[in-house]
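Coordinate inspection notes
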Amino acid sequence: MAGGGSGDNKKALHAADEAERAAKERRRVMEEKRRKLEAEKELSEEDQQLKSLLEKQVETITTGSGDVQGAIQAIGEEMRSAASSMTSVPKPLKFLRAHFVPLAAAYEAMPDSEIKKELADVLAVLSTTIPVEKSREKKHVGDEKVDEATTASVVSSEEAAPKEAEGSGAADKAEHPGVGHVKKGATLRYRLAGTNKDITKWGMEFMKTISGEISAEYQSRIADGKDVTELITLVDQIVPYNMSHSAETEAVDLLAETDGIEKLPKLVDSVTAPRVCQYLVGLAHFAANTEERRVLLNVTYQIFTEMKDLPNALIIAMRMNNFGRVRETMKAAIDIKEDRSIARQMCYIYARSSGRASGG
């Protein structure tokens, strides 16, 4: 019995030690967050000027007094100029996110106009910094009127933000009391309600966020037989930009998820083609079915052929088990009179494969 009591005491002491360590860790984390918040509050003179300027523009928009369109354009210009920032959240977005709810409310109250569309562009970018509200409802971007959609997109922080006694949620709420939450798909919804001007000027991070929403919305609309034209219009703007900014995988993923993979041959060049083809071959290994695999390999073959990379085109033709393509590729190599080494190399590749390709 005494031994059992001793064991219980040890367990109790161990539990007490664990609880004390956990409490110390929580205090340490809270202290770090407090110091971080204090450091953020100590803005440089330049940052303070920017913050004050943006707040004045927000006041003009939300009160409707003064040059509202000029204020929206000024905010948009600041956001675009910061789009290339390497910081996690560019300063204009950091200062403006606390004003998201009143700006969204001002948007809802506006009559349909070009000014409202310009504000929608701003809100689309700003919404990428706002937490997404978890919702069980499944809605399509096109199912609602724009005003109704945006009204449903914004939930005030008092209603939606969880009340936490400690941790980052409480700290963020104290620092940004008007941040609120947005419904899933709000970024795309605002963008579709906007000016439809060049989306690429808002920066890579914005396009990454909206690409994910486009993919999800596309699949949802296709499943329900809805029109996807406006989504494809955005895809056709985003993909060329990604291809020219070393984001080939993002471009391929977006095309694959919106049934546009066959557009790739016209979008690659001698620099991007090798990376794109390597990624396509990798995707083919994980294709959901034979038809999807065929499409991926066929596009890869087209790119290699157009780039005059005949040895790799031959390898893909054999992987497709398409003797017609093998013969076509070999003939193209033989026709290169000035360099017979390419044809010899391809003959060696084919011989090593033991002529596995067959059939048309």
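See above for the structure.
Right, let's walk through the structure included here. (Residues numbered from 1 in each chain as written. Predicted model: local features only at pLDDT ≥ 70, side-chain atom pairs only at ≥ 80, totals over all residues. Heavy atoms only, no water.)

1. Observations concerning the overall build of the chain
Scanning the chain for helices and strands turns up 18 helices and two strands. The proportion of buried residues among the 360 residues of the chain is 39%. If you take every contact in the chain between residues at least 6 apart in sequence, the share linking residues at least 24 apart comes to 67%. When the accessible area of the chain is evaluated, it comes to approximately 20200 Å², of which 52% is carbon and sulfur surface. (Helix = DSSP H or I, 4+ residues; strand = E, 2+ residues; numbered from the N terminus. Buried < 20%, exposed > 50% of the residue type's maximum accessible area, 1.4 Å probe, protein only. Contact = heavy atoms within 4.5 Å. Areas by Shrake-Rupley, 256 points an atom, 1.4 Å probe, with all protein chains shown as cover.)

2. Considering the packing of aromatic side chains
The final tally for this structure, using the stated rule, is two aromatic pairs. Where Tyr 107 meets Tyr 190, the ring centres are 5.7 Å apart and the plane angle is 80 degrees; that geometry is what we call edge-to-face. In this pair, Tyr 107 sits in helix α5 (residues 100-109) while Tyr 190 sits in helix α10 (residues 186-192), placing the two residues 83 residues apart along the sequence. For Tyr 107, a relative accessible area of 1% gives the class buried. Taking relative accessible area as the criterion, Tyr 190 reaches 0% and is therefore assigned buried. A network of ring pairs unites the aromatic residues Phe 100, Tyr 107 and Tyr 190 as a single cluster. Sitting over the ring of Trp 202, Arg 80 keeps its end group 4.9 Å from the ring centre. (Phe/Tyr/Trp six-rings, centres within 6.5 Å; stacked < 30°, edge-to-face > 60°. Lys NZ or Arg CZ within 6 Å of the ring centre and 35° of its normal.)

3. Quick word on the nonpolar core
Core analysis: the largest hydrophobic core is formed by 83 residues, its most contacted members being Ile 61, Met 79, Ile 214, Ile 261, Leu 264, Leu 280 and Ile 303. Sorting elements by how many residues they give to this core places helix α12 (residues 229-243) first, with eight residues. Look past the residues within four positions of Ile 214 in its chain and what remains in contact with it is Leu 188, Leu 231, Leu 234, Val 235, Ile 238, Leu 254 and Thr 258. (Core = buried A, V, L, I, M, F, W, Y, C linked by side-chain atoms within 4.5 Å.)

4. So, helix α2 (residues 45-63)
Along an α-helix, residues three or four positions apart point the same way, because every turn accommodates 3.6 residues. For α2, spanning 19 residues, the distance from its first C-alpha to its last is 27 Å, which sits close to the expected 27 Å at 1.5 Å a residue. Considered for burial, the residues of α2 that qualify are Asp 47, Leu 50, Leu 54, Gln 57, Val 58, Thr 60 and Ile 61. On an axial view of α2, the arc spanned by its buried residues comes to 160 degrees, and they lie on one face. Exposed and facing more than 90 degrees away from the buried side of α2 are Glu 45, Lys 56 and Glu 59. Buried residues in α2 make contact with α3 (68-81), α4 (91-96), α5 and α6 (114-126). Looking one or two residues beyond α2, the residue adopting positive phi is Gly 64, at roughly 75 degrees. (Expected span 1.5 Å × (residues − 1). Arc of directions from axis to C-beta.)

5. Considerations on the side chain of Ser 211
Mapped onto the elements of the fold, Ser 211 is located in helix α11 (residues 204-223). Look at Ser 211 and you get buried, because its relative accessible area is 12%. Those residues in contact with Ser 211, other than ones at most four positions away along the chain, are Ile 238 and Leu 254.

6. Re the environment of Ile 334
Turning to its location among the elements, Ile 334 is positioned in helix α17 (residues 323-334). In this structure the C-alpha to C-alpha distance between Ile 334 and Met 346, which are twelve residues apart in sequence, comes to 9.7 Å. The residues contacting Ile 334, other than those within four sequence positions of it, are Arg 340 and Ala 343.

7. Topic: the pattern of salt bridges
The full count for this structure, using the stated rule, is 15 salt bridges. One salt bridge connects Glu 77 with Arg 80, and the closest N-O pair in it is separated by 3.2 Å. Note that Glu 77 and Arg 80 are positioned in helix α3 at a spacing of three residues, about one turn of the helix. Look at Glu 77 and you get partly exposed, because its relative accessible area is 45%. Judged by its relative accessible area of 24%, Arg 80 is partly exposed. (Salt bridge = Lys/Arg side-chain N within 4 Å of Asp/Glu carboxyl O.)

8. Remarks on the packing of α3 against α6
At their nearest, the axes of α3 and α6 sit 10 Å apart, and the two run at 30 degrees to each other. One finds that α3 runs roughly parallel with respect to α6. In this structure, the crossing between α3 and α6 has a hand that is left-handed. Residues Val 68, Gln 69, Ile 72, Gln 73, Ile 75, Gly 76 and Met 79 of α3 pack against Ile 115, Glu 118, Leu 119, Val 122, Val 125 and Leu 126 of α6. Residue composition of the contact of α3 with α6, grouped by class: nine nonpolar, three polar and one charged. (Axes fitted to C-alpha atoms, helices over the stretch in contact; angles between N-to-C directions. Parallel < 35°, antiparallel > 145°, perpendicular 65-115°, else oblique. Left-handed = near helix turned anticlockwise from the far one by under 90°. Nonpolar A, V, L, I, M, F, W, Y, C, P; charged D, E, K, R; others polar.)

9. A word on the packing of α12 against helix α13 (residues 248-257)
It is the contact of α12 with α13, at a shortest axis distance of 7 Å, that shows an interaxial angle of 155 degrees. Considering the angle they form, α12 stands roughly antiparallel to α13. In this structure, α12 crosses over α13, and the sense of that crossing is left-handed. Between α12 and α13, the contacting residues are Val 235, Ile 238, Val 239, Asn 242 and Met 243 on the first element and Glu 248, Glu 250, Ala 251, Leu 254 and Leu 255 on the second. Residues that form the contact of α12 with α13 fall into these classes: seven nonpolar, one polar and two charged.

10. Side note on the environment of His 181
Note on placement: His 181 falls in strand β2 (residues 181-182). As a C-alpha pair, His 181 and Val 101 span 80 residues in sequence and 8.7 Å in three-dimensional space.

Scope: geometric values only; no functional claims are made or implied.
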